[in-house]
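Observations on the three-dimensional arrangement
These are the residues of each chain, in order.
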Amino acid sequence: MKIKRAYKERFYPTPGQTQLLAQSFGCARFVYNDTLRFRTDAYYKDGSSISHSQAEKRLVSLKSEFPFLKDVSSVILQQTLRDQQEAFKNFWAGRAKYPKFKNRNARQSIRLTKAAFSVKNGQLFIAKSKEALNIRWSRELSSEPSSITISKDRAGRYFISMLCEFEAKPMPISNKTVGIDLGLNDLFITSDGEKSGNPRHTKRYERKLAYLQRKLAKKQKGSSNRAKAKLKVARLHAKIADCRMDATHKASRKLINENQVVCAESLNVKGMIQNPKLAKHIADANWGEFVRQLQYKAEWAGRLVVQIDRFFPSSKRCPSCGFVHESMPLSVREWDCPECKTHWDRDIAAAINIKTAGLAGLACGATGTGIAALVPFRV
């Protein structure tokens, strides 16, 4: 089965390409913000909704009014309007908030279709540049890309993401199944009793981060020294994010490789992160990304990911006899069942209950009591 997959690589532009990309980022940001303001004003003025075709026609007049927009590829500006239209579709469908204006100090990105780039002899060229991009390839592409996205993060690093067709090959069927309970002391605990630990990447670098942020706060706004200090803070944030993502990829790949079925909770991470005492730790745990990676890697490998209802009392239920405690505060890490007298580790008991509930829903072939979703990610 062929699916779409993005290959993300880092590249190092030449001085000429750096200038071209800076112009492209700026023009794309200008068109996006100007069109968003035009659409917003039109709605508040007379309640009218600007269609995508109207926005594209207006782009012609924008180029006449602002000649610098002609210095970059027109494909970039057209794709910017398409991305904005997609953002409005998500807003109208209730999947996202109202589109926001782009900030010049945030992550910058542009998207190009085949009309604005070419691949020759294993090298990638973009429009308005005669030199190939110096990409540090880590793997071969599965096919020629249909579109590419070039981005620059706050740390000043350039990345290119290439969308290609990928032939997913199912892995050999495994007899193992597992339930996982997500936590903070350990990022995940399996029903087999394995505890992953928590590297706590943010805490590891928080003293250095606080030191750099104090130095940044003392710099004069607009000065070159402030820009240098700001870059150091951004680079440390990027390092923390890279460490976290690397650990998440390794853990999710290990679970998918070893198990045919992975059962997990369906957590409301956005709601849980509102807790001011635990927000930083929950964000550092990367729960949402971890489950997302499990899902798409399961699809590629022919595995299954089953998510149970978030209100299922996995931590309060005894896996042996089914007794359910009325309440169990987070401070209680181990407990004895008053019915069958079995001693349980809170997290391991939760993982076992999650596995039992997930496999029960999978066996009946439909969602039932205590089951939130059965995710049939198969290839």
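Residues numbered from 1 in each chain as written. Predicted model: local features only at pLDDT ≥ 70, side-chain atom pairs only at ≥ 80, totals over all residues. Heavy atoms only, no water.

What follows deals with a nonpolar patch on the surface. A surface patch of nonpolar side chains, about 300 Å² in accessible area, is lined by F91, W92 and Y98. Looking at F91, the relative accessible area reads 31%, which means it is partly exposed. (Patch = residues over 30% accessible without salt bridge, like charges linked within 9 Å, V, L, I, M, F, W, Y side chains within 5 Å. Areas by Shrake-Rupley, 256 points an atom, 1.4 Å probe, with all protein chains shown as cover. Salt bridge = Lys/Arg side-chain N within 4 Å of Asp/Glu carboxyl O. Buried < 20%, exposed > 50% of the residue type's maximum accessible area, 1.4 Å probe, protein only.)

Our next topic: the sheet that holds strand 2 (residues 108-113). One open sheet holds the four strands; their spatial order is 1-6-5-2, and the pairing between them is antiparallel. Pairing within the sheet leaves two strands with one partner each, and these edge strands are strand 1 (2-11) and strand 2. Ignoring strand direction, the axes of neighbouring strands in this sheet form an average angle of 20 degrees. Looking at chain direction, strand 5 (residues 147-152) and strand 6 (residues 158-167) are connected through six bridges and run antiparallel. Within the sheet, the bridge partner assigned to S147 lies in strand 6 and is L163. Along the sheet, helix 1 (residues 15-46) contacts strand 1, strand 2, strand 5 and strand 6; its crossing angle with strand 2, the most-contacted strand, is approximately 95 degrees. (Pairing = 2+ DSSP bridges. Helix = DSSP H or I, 4+ residues; strand = E, 2+ residues; numbered from the N terminus. Axes fitted to C-alpha atoms, helices over the stretch in contact; angles between N-to-C directions. Contact = heavy atoms within 4.5 Å.)

Further remarks concern the pairing of strand 4 (residues 123-126). Each regular strand shows side chains that alternate between the opposite faces of the sheet. Note that strand 3 (residues 117-120) and strand 4 share four bridges and pair antiparallel. Looking at the pairing, S118 lines up with F125 of strand 4. With antiparallel pairing between neighbouring strands as the criterion, strand 3 and strand 4 make up a hairpin whose turn holds two residues, including N121 at a positive phi of roughly 55 degrees.

Turning to the pattern of salt bridges, a few remarks are in order. Scanning the entire structure with this criterion turns up 15 salt bridges. One salt bridge connects R37 with D41, and the closest N-O pair in it is separated by 3.4 Å. With a gap of four residues between them, R37 and D41 both fall in helix 1, about one helical turn apart. Taking relative accessible area as the criterion, R37 reaches 41% and is therefore assigned partly exposed. D41 sits in the partly exposed class, given a relative accessible area of 40%. A salt bridge links R157 to D153, with the nearest nitrogen and oxygen atoms 2.8 Å apart. Given the relative accessible area of 17%, R157 is considered buried.

By domain assignment, the protein separates into domain 1 (2-167) and domain 2 (177-197 + 248-364). Its C-alpha centre places domain 1 at a distance of 38 Å from the equivalent point of domain 2. (Domains from an automatic or database assignment.)

What follows concerns the environment of A349. Relative to the helices and strands, A349 is located in helix 9 (residues 346-364). Residues A349 and P172, spaced 177 residues apart in sequence, show a C-alpha to C-alpha distance of 29 Å. Dropping the residues within four chain positions of it, A349 is found in contact with S314, P319, W335 and W344.

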